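Read off the chains here:
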Amino acid sequence: MTQLTRLSQSATSPSDASAQVSSAAVSSASSAISRNASRRAALAGALLLGASLSPQAVAQDSFSVCWSVYAGWMPWEYADTQGIVDKWAKKYDINIDVVQVNDYVESINQYTSGNVDGCAMTNMDALTLPAASSVDSTALILGDYSDGNDGVMVRDGDSIESLKDREVNLVQFSVSHYLLARALDSVGMSERDLTTTNTGDADIVALASNTDTQAVVTWNPQLATLKEMPGYTEVFNSSDIPGEILDLMVVNTQTLKDNPDFGHALVGAWYEVMEKMKAGDEDALSQMADAAGTDLAGYQSQLAATHMYYTPAEAVAAFNAPSLKDTMQHIADFSFAQGLLGEGAPDAGFIGIETPAGVIGNEGNVMLRFDPSYTAALANSQ
């Protein structure tokens with residue numbers, strides 16, 4: 001069974017990111033690289049472009065958003081090719097270009113440099129890449145969270161405590177690294193109790209086969225392979241921290257403020273596709289699976305470990321939950337500890353994060369905002 005792969009990519013340099021790239025050039029990249037692979041290898045902080053790269057937004061009628069391959073983001077491919085985005089854009093008398101970028105890090109680079117108005121990314125990357133680069137950004141759509149797609153595997157051990165004094169292989173400064181930190185914290189341990197070794201995700205399975213390998217943190221489909229290896233036990237996974245590894249559609253805050261119809265059209269298109277997915281529409285799901293490089297069964301197996309917010313009401317509840325503020329505090333603490341908020345960040349609160357439950361960090365430097373109002377407007381209209 002073919003499944004989505006997650007191949008490590010290094011962050012694109014600021015000079016590359018600031019170059020203008022046309023939609024055609026982006027979409028014709030030679031090889032499809034999974035969003036999951038790249039997002040976990042993104043060394044946050046490598047892209048400090050500065051606020052000067054973000055153009056002043058004005059009222060406009062044409063917009064663009066980008067996405068990369070991942071189970072929770074395939075709805076953008078379907079919404080684009082089936083004319084759903086066009087239908088909603090036409091409703092508001094605007095145009096929205098939906099662009100697939102075959103490298104996840106490059107997609108964020110394109111957003112941060114102002115070449116597109118929105119981009120699909122994780123909550124952690126939204127903080128440590130555009131927000132840390134002084135690009136004021138808004139999480140417009142809260143799409144899903146990892147619900148078992150990521151896990152901590154230990155050889156000849158059956159608990160998180162068995163990681164003590166061991167070497168743990170993972171992709172450093174990634175969501176896997178964050179997952180390990182949360183696992184250790186849950187039992188009063190820290191990274192001082194073990195050794196982490198940066199390992200390319202493409203090498204994880206082969207390395208895990210070596211009997212000298214003591215522990216691994218990885219994601220599906222590699223995680224599923226490790227679960228079948230003798231001697232390994234999963235001692236922690238992303239379902240133990242539900243709602244913390246979030247997948248979003250992030251848009252430029254000023255662009256959204258000046259052009260609210262842009263936000264309404266994106267939200268409307270997204271939830272039209274969510275209705276089909278919730279209903280189990282096999283034609284729609286099969287198209288998403290094919291675009292992702294897998295089959296229907298393979299795509300459904302990944303969705304099983306991905307908690308989708310299928311209705312606007314569910315997403316609004318998640319936006320408004322006090323736990324979102326707690327999650328982003330964990331993300332900020334981890335990011336600062338790893339030096340991912342930039343060399344000038346004096347503490348974890350350097351970058352303000354606005355949630356419905358309150359602001360985390362510096363209220364005078366809010367650069368990441370979680371705004372449920374557009375999703376709530378759609379929920380109220382239904």
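What you see is a predicted model, and the numbers here were worked out from it, not measured in a lab.

Side note on the pattern of salt bridges
Side-chain pairs of opposite charge can arise whenever the charged atoms involved come near each other.
So, point 1. Applying the stated criterion across every chain, the model contains eight salt bridges.
So, point 2. One salt bridge connects glutamate 272 with lysine 87, and the closest N-O pair in it is separated by 2.6 Å. One end of the pair, glutamate 272, is in helix H12 (residues 260–278); the other, lysine 87, is in helix H5 (residues 84–91), with 185 residues separating them in the sequence.
So, point 3. Where arginine 182 meets aspartate 185, a salt bridge forms, and the shortest distance between an N and an O atom there is 3.7 Å. Highlighted residues: arginine 182 and aspartate 185, both in helix H8 (residues 175–186), separated by three residues, approximately one helical turn.
So, point 4. By relative accessible area, aspartate 185 is classed as partly exposed at 49%.
So, point 5. Connected via shared salt-bridge partners are Asp136, Glu354 and Arg369.

Details of the layout of surface pockets
Here the idea is plain: a probe the size of a water molecule rolls over the atoms and shows the empty space left.
So, point 1. One number sums up the size of the largest pocket: a volume of about 280 Å³.
So, point 2. Along the walls of the largest pocket sit 14 residues, with Ala181, Asp185, Ser190, Glu191 and Phe334 positioned nearest its centre.
So, point 3. At the level of elements, H8 and helix H16 (322–337) are the ones that each hand at least two residues to the lining of the largest pocket.
So, point 4. Residue contributions to the lining of the largest pocket peak at five residues, all from H8.
So, point 5. Broken down by class, the residue content of the lining of the largest pocket amounts to six nonpolar, three polar and five charged.

A few points about the packing of aromatic side chains
So, point 1. A full pass over the atoms with the stated rule returns six aromatic pairs.
So, point 2. Seen from their ring centres, tryptophan 76 and tryptophan 270 are 5.0 Å apart, and the 40° between their planes marks the pair as tilted. Of this pair, tryptophan 76 sits in helix H4 (residues 74–81) while tryptophan 270 is found in helix H12, placing the two residues 194 residues apart along the sequence. Each member of the pair, tryptophan 76 as well as tryptophan 270, is classed as buried.
So, point 3. Ring pairing ties together the aromatic residues Tyr70, Trp73 and Tyr104, which thus form one cluster.

A closer look at the pairing of strand S3 (residues 118–122)
So, point 1. Burial within S3 is extensive, with five of its five residues counted as buried.
So, point 2. Across the two faces of S3 the burial is the same, with Gly118, Ala120 and Thr122 and Cys119 and Met121 all buried.
So, point 3. With two bridges connecting them, strand S1 (residues 62–67) and S3 associate as parallel partners. If you follow cysteine 66 over to S3, its bridge partner there is cysteine 119.
So, point 4. Bridging between S3 and strand S10 (residues 246–252) involves five bridges; their strand directions are antiparallel. Pairing of methionine 121 across the sheet is with leucine 248, part of S10.

Concerning the nonpolar core
So, point 1. Within the largest apolar cluster, 105 residues are counted, with the highest numbers of intra-cluster contacts made by Trp76, Ile96, Leu127, Leu163, Tyr299 and Phe370.
So, point 2. Among the elements that take part in this core, H12 stands out by supplying ten residues, more than any other.
So, point 3. Setting aside residues up to four positions removed in sequence, leucine 127 forms contacts with Ala132, Ile331, Ala332, Ser335, Leu341, Ile351, Ile353 and Leu368.
So, point 4. Counting eight residues, the second-largest nonpolar core is a separate cluster that includes Ile204, Leu226, Met229 and Tyr232.

Topic: the sheet that holds strand S7 (residues 195–198)
So, point 1. Reading across from one edge, S7-S6-S8-S5-S9 is the order of the five strands in this open sheet, with mixed pairing throughout. Every interior strand has two partners, whereas the edge strands, S7 and strand S9 (232–237), have only one. The average angle at which neighbouring strand axes cross in this sheet is 25°, direction not considered.
So, point 2. Strand direction decides the pairing type here: strand S6 (residues 167–170) and strand S8 (residues 215–219), joined by two bridges, are parallel. Paired with asparagine 169 across the two strands is valine 216, which belongs to S8.

A word on H4
So, point 1. Buried residues dominate H4, accounting for six of its eight residues.
So, point 2. Listed in full, the buried residues belonging to H4 are Met74, Pro75, Trp76, Glu77, Tyr78 and Ala79.
So, point 3. Looking at the residues trailing H4, positive phi occurs at glycine 83, about 75°.

A few points about the pairing of S1
So, point 1. S1 sits mainly inside the fold: five of its six residues count as buried.
So, point 2. Pairing geometry for S1 and strand S2 (residues 95–100), over six bridges, is parallel. Along S2, the bridge assignment pairs serine 64 with aspartate 97.

Examining helix H6 (residues 104–112)
So, point 1. Along H6, nine of the nine residues are buried, which leaves the element largely enclosed by surrounding structure.
So, point 2. Regarding H6, the residues found buried are Tyr104, Val105, Glu106, Ser107, Ile108, Asn109, Gln110, Tyr111 and Thr112.
So, point 3. Where H6 begins, one side-chain oxygen reaches toward the backbone nitrogen of valine 105, 2.9 Å away; that side chain belongs to aspartate 103.
So, point 4. After H6 finishes, the residue glycine 114 shows a positive phi value of roughly 85°.

What counts and how
- Residues numbered from 1 in each chain as written.
- Predicted model: local features only at pLDDT ≥ 70, side-chain atom pairs only at ≥ 80, totals over all residues.
- Heavy atoms only, no water.
- Salt bridge = Lys/Arg side-chain N within 4 Å of Asp/Glu carboxyl O.
- Helix = DSSP H or I, 4+ residues; strand = E, 2+ residues; numbered from the N terminus.
- Buried < 20%, exposed > 50% of the residue type's maximum accessible area, 1.4 Å probe, protein only.
- 1 Å grid on protein atoms, 1.4 Å probe; cavity = no way out; pocket = protein on both sides within 12 Å on 5 of 7 lines; lining within 4 Å.
- Points joined across faces, edges and corners; volume = space filled by probe spheres on them.
- Nonpolar A, V, L, I, M, F, W, Y, C, P; charged D, E, K, R; others polar.
- Phe/Tyr/Trp six-rings, centres within 6.5 Å; stacked < 30°, edge-to-face > 60°.
- Pairing = 2+ DSSP bridges.
- Core = buried A, V, L, I, M, F, W, Y, C linked by side-chain atoms within 4.5 Å.
- Contact = heavy atoms within 4.5 Å.
- Axes fitted to C-alpha atoms, helices over the stretch in contact; angles between N-to-C directions.
- Polar contact = N/O pair within 3.5 Å; in protein donor to acceptor, adjacent residues only side chain to side chain.

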